[in-house]
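# A closer look at the structure
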Amino acid sequence: MFESLIGLVAIIALFVIISRQQSRIGLVERELGALRSLVLSGAVPSVAKPAEEAATDSKPADVVPAVSAAAMASPVVSEPVAQAQTTEAEAPADEAVSGPWSAGEAPKAAEPVEPIAAPKAPGKPDIETALGTRWAVWVGGIALALGGLFLIRYTIEAGIFGPGVRLTMAAVLGLVLVAGGEFVRRTGFKVPVQGVAGAYIPAILTAAGAFILFGTVYAAHGIYGFIGPALAFTLLGVIGVATIAAALVHGLALAGIGLVGAIVTPALIASQAPNPWALFGYVAIVLAATGVIARMRDWKALMAAAFFGTGIWTILYMMDAPGANLSAILFIDAVTLAVLAFVWLTNRGGEADIATDRFDWPSIVPGAFVAFSALGLSVDTTFVAAGYALPGAFVLIALVAVALYRPRTVPLLHAAGLVTVMIYLGIIPPTTIGSDFSQGNLGFDGLPVAAGNALTLRIGIGLGLVFAAAGFWAARRFAAVARIRAASWAAWGVIVPLVILIALWFTYGNLDRDFVYAAVAALLVVVFAAGGEWIARAEEPVLKGGMAVSIALGGAAIAGLLMLHMAFDSGWTTILLGAAAIVPALATRWRSYPVLGWISVGAAIAVLGRVAFDPTIVGAEFLSKTPIFNWLLPGYGVPALAFGFAAWQLAHTTNGRPRLAMEAASALFALLAVAMLVRHAMHGGVIDTGAMTLAEQAIYTLIAIGAGAILVAIDMRSPSSVLRYGSMAAGVVSVALIVIRHFVVLNPLLSDESTGRIPVFNLLFLAYLLPAIAAGGLALYVRDKRPKWYAQMLAVVAALLALAYATLSVRRLFKGEFIALWSGLGQLETYTYSALWLVIGVALLTAGVWLKSQVLRIASAVLIAIAVLKVFLFDMSELEGVLRALSFIGLGGVLIGIGLFYQRLLTRAAKENG
């Protein structure tokens, strides 16, 4: 009862003092405004008196402007001090104010007029000035404070005085220092020397006195027990608040000392029966007093420190969950937000708050602590069991409301949104989802998990509505003038409802198919899309489609993705999601929002993610074994067609990067469709098991080469960088597959795979001859359409494939179905290889001349050189009799023929040039 009465009296006295001080400051500001108007109108001439040289006179030289009689009648005299580069405003005699005002702390006086004779700015203070002014004063203040404590200690050790006398002496010393500081200030103390304002003597004397008074009261209670907890608590609080109030005339440093002392006071006073109302009532008084003083001087750091101290006490109190009083927690949260909104930010900025993206950084601190208290009320098991989750939700709503009321407190919105997301992500059961979704079987290691309750469901719905409504309303309000702030509101207006929907669906819904949650997701699609359009109509220029609109429409796309997953099974979800990419592309006919094309790209990425997770589209157990006409055809084909149509539509409207991405996605899914159907057919309806064969790889290679040719053809009709580089990528991939898998990994010479029983149309025909024809045809087609190296690469690979086919066919002719190397070589077979290679070399030479291809002519020379080496190094030792002779005769004849052929070519070329 005693503490409550004292607190009530203190609050009343505090607000009386604050009101009186504000009226005085208002009077001073009006008078300064009148003087400023006179100066700006030219009615008051100004003449500056030259400053005396500091070397001849140690006294500071003040520049005193001469003013008119009307200005002299004003109760305020403006006295700029040139050397200190500061402006001090003196009130009437009974309200004289002096101190080390900084540029950010000083009251605004009349703007200075350029003087006739300006004094020279002093140079940088030397070491003598620093030691004699700043360091001397600082060390002296610390010495005074410590001296008081040492005096008390000495009297204790010497036993000179009793405890009561010692404490009385210490208190008198503290009061004397405070009075001395006030006396020095009232006698007109000035700090005209540049760089010495930080060593403000009145403030340091007052700080030392406050420090001694804090120690005295604490010793009287904690060491000697002369006073009880209530009186000690009250005295320490009064000293702290009075010290903060004294900062109005002594500067920010003293306010910090008083705030630290006031915040630490509850920790210094022990009580057998702690009273949370006494604690938070006291903390509220300190916070309000600090807020008023910080607002008067615009001390942001002081305000942030006060919020920090209040938040620390709130969290410390909540850590004692079983004994925590909900009303006390809500009270201090409400006071914190009220001080922020109605004290610290009152009359700050006005309309400028709306027309800027700037925010008030001290509001980060109360936003974080208040949101953290709401998090504790919502997730702590003790608080949840006591039903504190609903009040925690109201705290989050209060944060959003204050952020709406004071636009510069947007950190409160971020804090509330983040905590809400954390709360609802936390209710999702960390379980292994069972197979029977229809009965909602959720378990972790076979044990059921209870997650959330009906209240959590209702609170989630309420919070989702609040964030969506506030987010879109504020985003529209700021869309034209503060785009980042508008985007922040739109983001949380989208993120929170989506996270809550996902969390509630995982916790309470049917994960297999739930039409209720699908309907809610569909409603969000409509709300977010309509909200984005509503915001766009408030933009400057109208319908620009800025960040806020992009976020809203992106949220609609994500809600649509959720709707498909909630309402349909795996196969239909993939197909419909691919088809949905058409919707934003079509929307570009009516709106040129940049985000629409990227939403189509997002749909393509989502489909790609689904097929990467489950390439069978519907699951391996549900995939039909019927070739071609199964779920793979629509699962890959429909997205490919939809992406192609979206690319075509975007090419006629926005024609930006999303169009290129959709072209690439369409080509990719078309290739995947063919490849997956081939694998399905060749593995008996199973596409996720079994090793790859050479036949299957040959089909993939043919698909890649064909895709390269198709992309080139499309690019010639509708030029696109995606098609250009995509076609080249397909060709490079096909060449890499040929080199690695056809020639090495899956080569029948090394794997001993069966080449088939049919003489011509066998595995060698499919794996080597057809790819050789395809690669050669593509090389011819891309000449003059693609870089020279690309066509040459394809030509070389085609020649190598043809050589491999011919060589392996000879091997099969001699060995049969299986042609592994370890089956040995016969003499006739060895001779046949030499003859074959020479024939192929001549054929390549002829083709090179006919096609005017230097690459083919060089390939011919290389192959013939290999044949020559084989004849001289291998055939000479391995062949016998007539085969050896025929090998050398054939080689000689071919080489002479090639020589004659080249001589004839050179002769013809010389005649044509001559």
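Residues numbered from 1 in each chain as written. Predicted model: local features only at pLDDT ≥ 70, side-chain atom pairs only at ≥ 80, totals over all residues. Heavy atoms only, no water.

## Regarding the overall build of the protein
Defined as follows: What counts as a helix is a DSSP run of H or I of at least four residues, what counts as a strand is a run of E of at least two, and both are numbered from the N terminus. The cut-offs for exposure are 20% and 50% of the maximum accessible area for each residue type, with area from a 1.4 Å probe on protein chains only; residues under the lower value are buried, those over the upper are exposed, and the others partly exposed. Throughout, a residue-residue contact means that at least one pair of heavy atoms, one from each residue, lies within 4.5 Å. Residue-level accessible areas treat just the shown protein chains as cover; the underlying method is Shrake-Rupley with a 1.4 Å probe.
Scanning the protein from terminus to terminus reveals 31 helices and 5 strands. Counting the 914 residues in the protein, one finds 45% classified as buried. Residue pairs at least 24 apart in sequence account for 72% of intrachain contacts in the protein once pairs closer than 6 positions are excluded. When the accessible surface of the protein is summed, it comes to about 44,400 Å², and 70% of that surface belongs to carbon and sulfur atoms.

## As for the confidence of the model for the protein
Heads up, the rule is: pLDDT expresses how confident the predictor is about each individual residue, on a scale running from 0 to 100.
Overall, the prediction assigns the protein a mean pLDDT of 75, with 64% of residues at 70 or greater. Throughout residues 190-199 the model reports pLDDT below 50, and contacts reaching past four residues in sequence, or to other chains, amount to 28 contacts. For residues 431-451, every residue scores under 50 in pLDDT, and the model assigns this stretch 28 contacts once sequence neighbours within four places are set aside.

## Looking at helix α21 (residues 594-613)
For an α-helix, 3.6 residues make a turn, and residues three or four places apart therefore share a direction. Which entries qualify depends on this criterion: A helix's residues, less one, multiplied by 1.5 Å, set its expected span.
Taking 1.5 Å of rise per residue, 20 residues should cover 28 Å, and α21 covers 30 Å from first to last C-alpha, within 8% of that figure. Those residues of α21 not exposed but buried are Val-595, Leu-596, Gly-597, Ile-599, Ser-600, Val-601, Ala-603, Ala-604, Val-607, Arg-610 and Val-611. Where α21 is buried, its residues contact α18 (547-567), α19 (570-579), α20 (582-587), α22 (632-652) and α23 (657-682).

## Overview of the side chain of Arg-406
Note the cut-off: Polar contact criterion, stated in full: a pair of N or O atoms within 3.5 Å, where within protein one must be able to donate a hydrogen and the other to accept it, and residues adjacent in sequence count only if both atoms are side-chain atoms.
Relative to the assigned elements, Arg-406 resides in the loop between α13 (389-405) and α14 (410-426). By relative accessible area, Arg-406 is classed as buried at 13%. Of the polar contacts made by the side chain of Arg-406, one reaches the backbone oxygen of Ala-341; its length is 2.8 Å. In contact with Arg-406, not counting residues within four places along its chain, are Ala-341, Leu-345, Thr-346 and Asn-347.

## A short note on the packing of aromatic side chains
Cut-off, in case you're wondering: Only the six-membered ring of Trp is used, alongside the rings of Phe and Tyr, when aromatic pairs are assigned; centres must lie within 6.5 Å, and planes under 30 degrees apart are stacked while those over 60 apart are edge-to-face, with the rest tilted. Criterion for a charge above a ring: Arg CZ or Lys NZ at most 6 Å from the ring centre, at most 35 degrees from the ring normal.
Counted under the stated rule, the structure contains 12 aromatic pairs. With a centroid separation of 6.4 Å and an interplanar angle of 40 degrees, the aromatic rings of Tyr-636 and Phe-669 are classed as tilted. In this pair, Tyr-636 is assigned in helix α22 and Phe-669 in helix α23, connecting sequence segments 33 residues apart. The burial state of Tyr-636 is the same as that of Phe-669; both residues are buried. Counting every residue linked through ring pairs, the aromatic cluster contains Tyr-636, Phe-643 and Phe-669. Its guanidinium or amino end placed over the ring of Phe-478, Arg-485 lies 5.3 Å from that ring's centre, counting from NZ or CZ.

## Points about the pattern of salt bridges
The condition is simple: A pair is scored as a salt bridge if a Lys or Arg side-chain nitrogen falls within 4 Å of a carboxyl oxygen belonging to Asp or Glu.
Summed over the entire model, instances satisfying the criterion amount to 6 salt bridges. Among the ionic pairs, Asp-569 bridges to Arg-513, the shortest N-O distance being 3.8 Å. Residue Asp-569 is located in the loop between α18 and α19, and its partner Arg-513 is located in the loop between α16 (483-508) and α17 (515-536); the two are separated by 56 residues in the primary sequence. For Arg-513, a relative accessible area of 37% corresponds to the partly exposed category. Between Asp-715 and Arg-786 there is a salt bridge; the shortest N-O distance is 3.2 Å. Taken as a pair, Asp-715 in helix α24 (residues 694-717) and Arg-786 in the loop between α27 (763-781) and α28 (788-815) lie far apart in primary sequence, 71 residues in all. Given a relative accessible area of 8%, Asp-715 falls into the buried group. You can call Arg-786 buried: its relative accessible area is 6%. Linked through salt bridges whose partners overlap, the residues forming this network are Glu-533, Arg-537 and Arg-591.

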